[in-house]
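Per-entry structural report
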Amino acid sequence: MSRGTMHPSKPEGQRRRRNTPTHGETVLPRSDELRGPELAELTGGRVFGPEVLAWYDVWRRSPQAAVFESTDWLRLAMLAPIVEAHFRRPSAAALGEIRMNEERLGATFVDRMRARLRVADEDDDQGAELPPGVTDINTARDELRRRLA
């Protein structure tokens, strides 16, 4: 049933709105590669505590960092003093600012879903269960080559 009504949903072919996403999904590589500039480079040599450096390194090693531009790194650099202040004296205001900025960079699973970002698994194409009656494309291709040879 449709949400908020007593009527069932229309069949797919009868719906008026058939909007397709304006952009596709971006697949992010899952690797532990260290990306982006050092925090000190972006902040003019400012020294931060170990908690902030660890926080920044987590971002540098995150899958999202593969698509970061210079403006994204600058956003993290601007956020670093707020993160440091929050570690020294936690506050709801600082946490809200951190959360909002990290959300825009794809910090959580839901944030990445909204941004149509997906982290690739090493076994994305391998070992996936196919529905009954569906043949793996590589198997079908090999079979076709064998028949034509």
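The present account deals with the structure reproduced in this document. These figures come from a predicted structure and were not determined experimentally.

1. Some points on the packing of aromatic side chains
Under the defined criterion, the tally for this structure stands at three aromatic pairs. Where Tyr56 meets Trp73, the ring centres are 6.1 Å apart and the plane angle is 65°; that geometry is what we call edge-to-face. Here the residue Tyr56 occupies a position in helix H2 (residues 50-61), and Trp73 occupies one in helix H3 (residues 70-88), the gap between them amounting to 17 residues. The class of Tyr56 is buried, set by a relative accessible area of 1%. The exposure class of Trp73 is buried, given its relative accessible area of 6%.

2. Quick look at the environment of Pro29
The topology assignment puts Pro29 in the loop between strand S1 (26-28) and helix H1 (39-42). The exposure class assigned to Pro29 is partly exposed, which follows from its relative accessible area of 35%. Through-space distance from the C-alpha of Pro29 to that of Val119 is 6.1 Å; in sequence the pair is 90 residues apart. If sequence neighbours within four positions are ignored, Pro29 has contacts with Arg35, Pro63 and Ala66.

3. Comments concerning the pattern of salt bridges
On inspection of all chains with the given rule, the structure shows 12 salt bridges. For Glu33, the salt bridge identified is with Arg35, shortest N-O distance 3.5 Å. For Glu33, a relative accessible area of 45% translates into the label partly exposed. On the basis of relative accessible area, Arg35 is assigned to the buried category, the value being 14%. Here Arg145 makes a salt bridge to Asp142, at a shortest N to O gap of 3.8 Å. On the criterion of helical spacing, the pair formed by Arg145 and Asp142 is a turn pair, its members being three residues apart in helix H6 (residues 137-148). Arg145 gets classed as exposed once you look at its relative accessible area, which sits at 53%. Judged by its relative accessible area of 47%, Asp142 is partly exposed. What you see here is one network of salt bridges that share partners, running through Glu38, Asp57 and Arg60.

Parameters and conventions
- Residues numbered from 1 in each chain as written.
- Predicted model: local features only at pLDDT ≥ 70, side-chain atom pairs only at ≥ 80, totals over all residues.
- Heavy atoms only, no water.
- Phe/Tyr/Trp six-rings, centres within 6.5 Å; stacked < 30°, edge-to-face > 60°.
- Helix = DSSP H or I, 4+ residues; strand = E, 2+ residues; numbered from the N terminus.
- Buried < 20%, exposed > 50% of the residue type's maximum accessible area, 1.4 Å probe, protein only.
- Contact = heavy atoms within 4.5 Å.
- Salt bridge = Lys/Arg side-chain N within 4 Å of Asp/Glu carboxyl O.

Shape descriptors only; they carry no functional weight alone.
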